[in-house]
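Fold and contact review
This is what each chain is made of:
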Amino acid sequence: MPDWVAEEHRYLFQNYGRQPVVIERGEGTRVWDVEGKEYLDFVGGLAVNVLGHAHPVVANALAEQAKKLIHTSNLFYTTPMIELAKLLVENSCLDRAFFCNSGTEAIEAAIKLARRWGYDTRNGAYEIVAFLDGFHGRTTGALAATGTARYREPFEPLATGFSHVPWNDLEAVKAATTDRTVAILMEPIQGEGGVNMPAPGFLRAVRDWCNENNLLLIFDEIQTGIGRTGSLFAYEQEGVEPDIMCLAKGLAGGVPIGAMLAREEIAAHLVKGDHGTTFGANPLATATGLATMKYVIENGLTGQAARGSDRLCTRLRSMEDRLPVVTEVRGRGMLIAIGLGADISAEVVEACRQRGLLVNNVRPNAVRLMPPLNTSDDEIDRACDILEAAIVAVTAPTAK
Ligand SMILES: *Cc1c(COP(=O)(O)O)cnc(C)c1O
């Protein structure tokens, strides 16, 4: 067998820090590497694999659509994009959908829509207030909105008109708002930043501030959407509705897709010729998205995620009593982080991998779990056993 890791190091850009597992196939919450070793996959494709690996609903939608029509371009109508848009609109607070191919592209579309609306109705207002530790993507516009300086700085100058304020700090939001401010962009729960929860009432307060100042509220639900937090969209649990919402990750169960949804009065400002993408709304992606979304909605996957989360969090919180290094369990639904009292998350991730569990160190002191929404009780229990053993091994003096 080729040394795949060495070949990757030889032929691909070295811009990722991959775990040394060469994954060959998956089924549900499990994957197997090229040597046949089995792992429990609690990375879940970074919140993408909402139904797990090789789910027949996703696989069949993809296969059936591939045999019929893969791509046409946006010069024509196709039915899957219309059906998926209808499903998203009927199941959200928003009125229209635009499809693209990734999360960062959905953010780019939202930035353009907000600026277009500002151009038309707010005397050219274009500034966007976003949050420190917020993550919105890696293309230059979305990167300008991203609140982690080390991601941005090597690529500056980026688009102007973005400011970043501390998470959960309403006074800072107010102070950053000027006559030029057109929108506030935020994740309902900060995912890549460490699974940072909004303080109670914070999203409501931001919504009120937007209403008082005629600002658009853009929710980046790229990670939190599609049932991830125990409701179809995270905003539902806060009772706060955005004007624009970005989706991607789990939307098509693993097939690349992104979407921007908006209220009618806002969407009307993006007119013919203003924006587009060759692959966007592609029948393969939208047919798979339609099948995935339908399955999530019709089979109570959001409730399943919420129940699984209770089991997972109860068990993780019980570790707080046994292992002093476990300081916090935070998150919602199947988006959970374990806060650690020391910067040992990379070691914990490696110790988990050796024991057959894939997780991700979202911060030096936090491990993130994003398993499929339909992860079984048994899989949750096994993952917790491994995680606990891994933390014990990393923190026990003899293990060093
Ligand atoms: C992953 C993510 C993005 C970027 O999505 P890509 O598909 O990687 O471009 C943007 N915002 C949030 C909240 C994300 O989690």
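For the structure itself, consult the block above.
Residues numbered from 1 in each chain as written. Predicted model: local features only at pLDDT ≥ 70, side-chain atom pairs only at ≥ 80, totals over all residues. Heavy atoms only, no water.

**Observations regarding the overall build of the protein chain**
- Broken down by element type, the protein chain carries 15 helices and 15 strands.
- For the protein chain, the C-alpha radius of gyration of 21 Å lies close to 21 Å, the compact-globule estimate for 400 residues.
- With the C-alpha coordinates aligned to their principal axes, the bounding extent of the protein chain is approximately 65 × 55 × 45 Å.
- Within the protein chain, buried positions represent 53% of all 400 residues.
- Intrachain contacts of the protein chain at a sequence separation of at least 6 include 71% that bridge at least 24 residues.
- Accessible surface, the protein chain: about 17600 Å² in total, of which carbon and sulfur atoms supply 52%.
- In the protein chain, which carries 38 positive and 50 negative side-chain charges, the distance between the mean positions of the two groups comes to 2 Å. (Helix = DSSP H or I, 4+ residues; strand = E, 2+ residues; numbered from the N terminus. Rg over C-alpha atoms; globule rule 2.2 N^0.38 Å. Buried < 20%, exposed > 50% of the residue type's maximum accessible area, 1.4 Å probe, protein only. Contact = heavy atoms within 4.5 Å. Areas by Shrake-Rupley, 256 points an atom, 1.4 Å probe, with all protein chains shown as cover. Lys, Arg positive; Asp, Glu negative; His and termini not counted. Charge placed at Lys NZ, Arg CZ, Asp CG, Glu CD.)

**A closer look at the packing of helix α4 (residues 79-90) against helix α12 (residues 283-298)**
- Between α4 and α12, the least distance of the axes is 8 Å, while the angle of their chain directions is 35°. For α4 against α12, the interelement crossing comes out left-handed. Between α4 and α12, the residues in contact are P80, M81, E83, L84, L87 and L88 and P283, T286, A287, G289, L290, M293, K294 and I297, respectively.
- Of the residues assigned to the contact of α4 with α12, the class counts are ten nonpolar, two polar and two charged. (Axes fitted to C-alpha atoms, helices over the stretch in contact; angles between N-to-C directions. Left-handed = near helix turned anticlockwise from the far one by under 90°. Nonpolar A, V, L, I, M, F, W, Y, C, P; charged D, E, K, R; others polar.)

**Quick word on the site of the ligand**
- The full set of residues close to the ligand is S102, G103, T104, F135, H136, G137, E187, D220, I222, Q223 and K249.
- In the model, an oxygen atom of the ligand is placed 2.8 Å from a nitrogen or oxygen of the T104 main chain.
- A distance of 3.1 Å is found between a nitrogen atom of the ligand and a backbone nitrogen or oxygen belonging to F135.
- Notes on the ligand: free accessible area 380 Å², of which the protein chains cover 82%. (Near = heavy atom within 4 Å. Polar contact = N/O pair within 3.5 Å; in protein donor to acceptor, adjacent residues only side chain to side chain.)

**Brief notes about the nonpolar core**
- Counting residues in hydrophobic clusters, the biggest one holds 80 residues, and the most contacted among them are I184, L316 and L387.
- Looking at this core, the element that brings in the most residues is helix α15 (residues 377-395), giving eight residues.
- The residues that make up this core include at least three from each of domain 1 (4-55 + 300-394) and domain 2 (56-298).
- Excluding its chain neighbours within four sequence positions, the residues that come into contact with L316 are V326, V329, I336, I338, L369, C384 and L387.
- Residues A183, I222, A248 and M260 belong to the second largest nonpolar core, which totals 31 residues. (Core = buried A, V, L, I, M, F, W, Y, C linked by side-chain atoms within 4.5 Å. Domains from an automatic or database assignment.)

**Here's the deal with the environment of R116**
- Secondary-structure assignment places R116 in helix α5 (residues 103-121).
- Sequence separation between R116 and I266 is 150 residues; the distance between their C-alpha atoms is 9.1 Å.
- Apart from the residues lying within four places of it in its own chain, the contact partners of R116 are H269, L270, V271 and D274.
- A polar side-chain atom of R116 sits 2.8 Å from a polar atom in the side chain of D120.

**What about the packing of aromatic side chains?**
- Evaluation of the coordinates by the stated rule reveals five aromatic pairs.
- With centroids separated by 5.8 Å and ring planes inclined at 75°, the aromatic side chains of W167 and F202 adopt a geometry described as edge-to-face. Linking W167 in the loop between β6 (162-165) and α8 (170-176) with F202 in helix α9 (residues 202-213), this pair joins segments that are 35 residues apart in sequence.
- You can call W167 buried: its relative accessible area is 15%.
- Judged by centre distance (5.9 Å) and plane angle (5°), the rings of F233 and Y235 are stacked. Side by side, F233 and Y235 carry an identical accessibility label, which is buried.
- Among the aromatic side chains, those forming a connected cluster through ring pairs are F131, W167 and F202.
- For the cation-ring pair, R25 lies above W32, with the distance from its terminal atom to the ring centre recorded as 4.2 Å. (Phe/Tyr/Trp six-rings, centres within 6.5 Å; stacked < 30°, edge-to-face > 60°. Lys NZ or Arg CZ within 6 Å of the ring centre and 35° of its normal.)

**Digging into the pattern of salt bridges**
- By the definition in use, this model includes 25 salt bridges.
- Among the salt bridges present, the one from D377 reaches R311, with a minimum N-O distance of 3.6 Å. Taken together, the positions of D377 in helix α15 and R311 in helix α13 (residues 301-322) put the pair 66 residues apart, joining distant regions of the chain.
- The class of D377 is partly exposed, set by a relative accessible area of 42%.
- With relative accessibility at 35%, the residue R311 sits in the partly exposed group.
- Connected via shared salt-bridge partners are E27, R30, E38, D378 and R382. (Salt bridge = Lys/Arg side-chain N within 4 Å of Asp/Glu carboxyl O.)

**Some remarks on helix α14 (residues 345-354)**
- Taken together, the buried positions of α14 are S345, V348, V349, A351, C352 and R353.
- Of the surrounding secondary structure, the elements contacted by the buried residues of α14 are β3 (38-41), β12 (335-340), β13 (357-358), β14 (360-363), β15 (366-369) and α15.
- Count one or two residues on from α14 and you reach G356, which has phi positive near 95°.

**Structural notes on unusual backbone geometry**
- Following E156, the chain continues to P157 via a peptide bond in cis, the omega torsion being 5°.
- Its identity as a non-glycine residue notwithstanding, S73 has a phi of 90°, on the positive side.
- With respect to the helices, strands and loops of the structure, S73 is situated in the loop between α3 (56-68) and α4.
- Judged by its relative accessible area of 21%, S73 falls in the partly exposed class.
- One non-glycine residue, N214, adopts positive backbone phi at about 55°.
- A relative accessible area of 42% means that N214 is categorised as partly exposed.

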